[in-house]
Amino acid sequence: MSSEMKGAFEYLEHTADAKFRAYGTTLEQAFENAALAMLNVMVDTSSVTNSSSVDFELSSPEIDNLLFDWLSEILYLFEVEEMVFGSVEINKLDVSDEGCSLSATLSGETIDHSIHVFDTEVKAATYNEMRIEKTDDGWMIQATVDT
Amino acid sequence: MSEENENSVYDILTKVNDNTWEVPGNFKPGMKVPGRILVSKTLLDLLEKDTIDQVANVACLPGIQKYSMAMPDAHPGYGFSIGGVAAFDKHEGVISPGGVGFDINCGVRLIRSNLTEGDVRPKLTELLDALFEAIPSGVGSKSRMKVNDAELGDIFVHGVQWAVKNGYGVQKDLDHCESNGMMPGADPSKVSIKARKRGRPQVGTLGSGNHFLEVQYVDKIYDEEAAEAFGLKEGQITFMIHCGSRGAGHQVCTDHLQVLTQASKKYKIALPDKQLACAPAQSEEAQDYFKAMICAANYAWVNRQVIMHWSREVFDSFFKAEHGDLGLDLVYDVAHNVAKLEKHIIDGEEKEVYVHRKGATRAFPAGHPEVPDDYRSIGQPVIIPGSMGTASYVLKGCPAAMELTFGSACHGAGRVMSRKSAKHELRGEEIQKELKAQGIIVRATQPSLIAEEAPEVYKSSSDVVDVVHNLGIATKVARVLPMGVVKG
């Protein structure tokens, strides 16, 4: 969990699951760091070579739904593409009263158990104590994932 | 922790009896019924305030009957607490994925044998290695079999019947599965393509987290008559499988949680917590979730059935030549994350209710039509796994369960320490060594996974079981001790 030290995200105490806060000067960056926080529960993302990528788009009614969809989509791609991701990039994020959307690129490589040391499996994203807040320094996202 | 609890938990709860504490109906605005938390004084000291808040939140949902309940192993979850039980009126109530959880029909099965501890102990290391090899486990594990889309649809609808028809088990396995391993009412069209994609390669995989396959022996019998009916005796080898519906179930919950989040707004249901998203029980949104949930539940029963089948093959390869038929019969399989439409007596009248059990085991008493014929005069076997390296219990469902808990009991030991703290404070290799000194062998893909499920991070399973035993919800039949664990 090397990235935890850089101030991008931190893990909080939770009895059964993984709870974290992710930070960013922009909402895009906070979303990216939330994804990295979740991915690092499963595997040290610094061990991943980002040799191939997956692009996708999402749209959701509200910002909290979009965060839930964002984390859920990454878990889905991890499982069905059998890929581990070391880098996440939000290319575009729109938030309005009519709805929210994003387009993103995940980079990584095919899972190789001789290189990637897996830790706790994340089953799903949750809405539990989810917070998306504007701060003096930018944005803070709090989320809990089911492990 | 306990000092803080002295001030908060005790101030909130009212004692009903030594093992029952009430969350008063005025604890939170909007509570429609009081809460009931079934804990002894010892377990109350370990209770987190968040658990009480979650019990109170569930009490706010429309159509809830009698009490919002938490079993003795309760700890904070999302929406419902883990160990949460609630029943909602078939017409006036709601259905909520938060009352089932992401791992739909996570559950446990116990298999007995004709082998004794003495037969297995000398070959234990090799047996564990072979089981670890045969049963895929860990993050992203893929099955030895891959089903196509048509087969997956059959699994969703027919559950264990599909497995037995395809050579994974025998007819009598069906009789000893809750709901005969096939809940009726599945509709695969309500399961997304994403959930199907995740489900296809994972039939017959343990997964990760607290899931396991354990080789055990019966060390104590409490109830001779019931033990005989369940085919259990002292010194006998058993094995236990704990896992659920894997990615298919997680995706079903994820997909429908989003639909029900919108539906809660549409039906103007005031939610004390977003994770309690729900819809009126007979609405299209709620029924779509329920039909998809049944698909995932049936998938989970097949998952445990296939793992049992491969485990039987491994046992046979080790012991059949010497011992002949090993009598590897399924004692019973229970779900502990599921919602079901059941009949219960409420205020003297029989009513149909959607019982949500999230980290709680069904515990029907003797005489109930859903208890298998050969156990009908005894009660349903209730299987309570201990944490890694500690005792598991077999109980029998009793009449008080129908009066007090909508036919439900606890489901395990219940965590007290987070995975994060466990990994920080405990070292997997050392725990593995300590367990080995006690004669327990553990196989896992990573040592850190052993740390996060170490015995120290759980409440004592015997404290938890004592509560349901003393309340007469489910009484002790046998205790089994671990010899070897394949950790998910």
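To be clear, the structure that these remarks concern was listed above.
These numbers come from a predicted model, not from an experiment.

> Just to check I follow, could you spell out unusual backbone geometry for this structure?
Glycine aside, a negative phi is what most residues show, and trans is what most peptide bonds show. We note that Asn-105 of chain B has phi near 50 degrees; this positive angle belongs to a residue other than glycine. The phi angle at Asp-347 of chain B is positive, at roughly 50 degrees, despite the residue not being glycine.

> I'm lost on the interface of chain B and chain A in this one. Help?
One widely used convention gives an interface's size as the accessible area the parts lose upon coming together. Listed per partner, the contact involves 36 residues of chain B and 30 residues of chain A. Taken together, the elements giving at least two residues each to the side of chain B that touches chain A come down to α9 (193-199), α11 (246-266), α14 (419-425) and α16 (447-452) of chain B. Of all the elements, α11 of chain B adds the most residues to the side of chain B that touches chain A, at 8 residues.

> Any chance you could explain the environment of Tyr-458 of chain B here in plain terms?
Residues and elements named next belong to chain B. Mapped onto the elements of the fold, Tyr-458 is located in the loop between α16 and α17 (461-470). Taking C-alpha positions, Tyr-458 is 22 Å from Ile-104, a pair spaced 354 residues apart along the chain. Ignoring any residue separated from it by four or fewer positions in sequence, one finds Tyr-458 in contact with Ser-387, Ala-413, Gly-414, Arg-415 and Val-416.

> I tried to follow the sheet that holds strand β13 (residues 349-358) of chain B on my own but got confused; where do I start?
Neighbouring strands of a sheet are bound in pairs by backbone hydrogen bonds; such pairs are parallel or else antiparallel. All names here are of chain B. Strands sit in the order β1-β2-β3-β4-β5-β13-β12 across an open sheet of 7 strands; the sheet is mixed. The sheet is open, and its two borders are formed by β1 (14-17) and β12 (337-346), each paired with just one other strand. Between one strand axis and the next, the sheet turns through 25 degrees on average, direction left out of account. Pairing of strand β2 (residues 20-23) with strand β3 (residues 35-37), which is carried by 3 bridges, proceeds in the antiparallel orientation. For Val-23, the partnering residue across the bridge sits in β3 and is Gly-35.

> I would appreciate a short explanation of the packing of helix α5 (residues 124-134) of chain B against helix α12 (residues 284-323) of chain B in the present structure.
Two packed helices can be described by the angle between their axes and the distance between those axes. Residue and element names in this part refer to chain B. The interhelical angle for the contact between α5 and α12, taken along N-to-C directions, is 145 degrees, at an axis separation of 10 Å. Where α5 crosses over α12, the two elements pack in a sense that is right-handed. Contacts from Leu-127, Ala-130, Leu-131 and Ala-134 in α5 reach Trp-310, Ser-311, Val-314 and Phe-318 in α12.

> Before we go on, may I ask you to explain the nonpolar core in this structure?
Here is a general trend for soluble globular proteins: nonpolar side chains tend to be buried in one another's company. Ala-34 and Leu-71 of chain A together with Met-293 and Ala-409 of chain B are the most contacted members of the largest nonpolar core, which totals 208 residues. Top element by residues in this core is α12 of chain B. It accounts for 18 residues. When sequence neighbours within four positions are dropped, the list of residues in contact with Met-293 of chain B reads Val-100, Ile-104, Val-252 and Ala-339 of chain B.

Conventions we followed
Residues numbered from 1 in each chain as written. Chains lettered and ligands numbered in written order. Predicted model: local features only at pLDDT ≥ 70, side-chain atom pairs only at ≥ 80, totals over all residues. Contact = placed C-beta atoms within 7 Å. Helix = DSSP H or I, 4+ residues; strand = E, 2+ residues; numbered from the N terminus. Pairing = 2+ DSSP bridges. Axes fitted to C-alpha atoms, helices over the stretch in contact; angles between N-to-C directions. Left-handed = near helix turned anticlockwise from the far one by under 90°. Core = buried A, V, L, I, M, F, W, Y, C linked by C-beta atoms within 7 Å. Buried ≥ 20, exposed ≤ 12 C-beta atoms within 10 Å, placed from the backbone.

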